[in-house]
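# Observations on the three-dimensional arrangement
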Amino acid sequence: MSRKIFITIALLGIIFTTFIYAAWSGAFTPSAPAGWTQIHLGMKRDEVLKLAGTPTFSGWPENIWERWRRDGMICHHWLEISYDGEQVSYVCEGTWLRGYGWLYPRRELK
């Protein structure tokens, strides 16, 4: 009986570890549009919208933050931008793992 329990616990541990490794390595992350990597500090909002498309979340002009998302079942690919006037002052692009937070984000801050 104890051998069956040990084998079951070991298999669950292997499955859990494999799942975490796959999530960490980006296997569950949806791909982002190519334009997202071209966005950088100092760009105008019009240029950002041409590269990234329509934001998923925006309260422009009252809210200076905009967010684009590609949703996956476990991970999301996010692009967050903050503006100072019409120019980009903050860029964060990367994988968002549910229950954990950012994995390997690309951050640019003015």
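The following refers to the structure shown. Because the structure is predicted, anything quoted here is derived from the model rather than measured. (Residues numbered from 1 in each chain as written. Predicted model: local features only at pLDDT ≥ 70, side-chain atom pairs only at ≥ 80, totals over all residues. Heavy atoms only, no water.)

### What about the pairing of strand E3 (residues 75-84)?
The condition that has to hold: Exposure categories follow from relative accessible area, calculated using a 1.4 Å probe and restricted to protein chains: below 20% of the type maximum is buried, above 50% is exposed, and the middle band is partly exposed. Per the convention used, a helix needs a DSSP run of H or I reaching at least four residues, while a strand needs a run of E reaching at least two, with both numbered from the N terminus. In this analysis, strands are considered paired if DSSP registers two or more bridges between them.
For E3, a buried count of nine out of ten residues is recorded, marking the element as mostly surrounded by other parts of the structure. Judged from the seven bridges that link them, strand E2 (residues 65-71) and E3 form a sheet pairing that is antiparallel. Along E3, the bridge assignment pairs Asp71 with His76. Counting the residues that bridge the hairpin from E2 to E3 gives three residues. As judged from the ten bridges shared by E3 and strand E4 (residues 87-97), these two strands associate in the antiparallel manner. In the strand pairing of E4, Tyr83 is matched with Val88. Linking two consecutive strands that pair antiparallel, namely E3 and E4, is a turn of two residues; a positive phi of about 75° is found at Gly85 within it.

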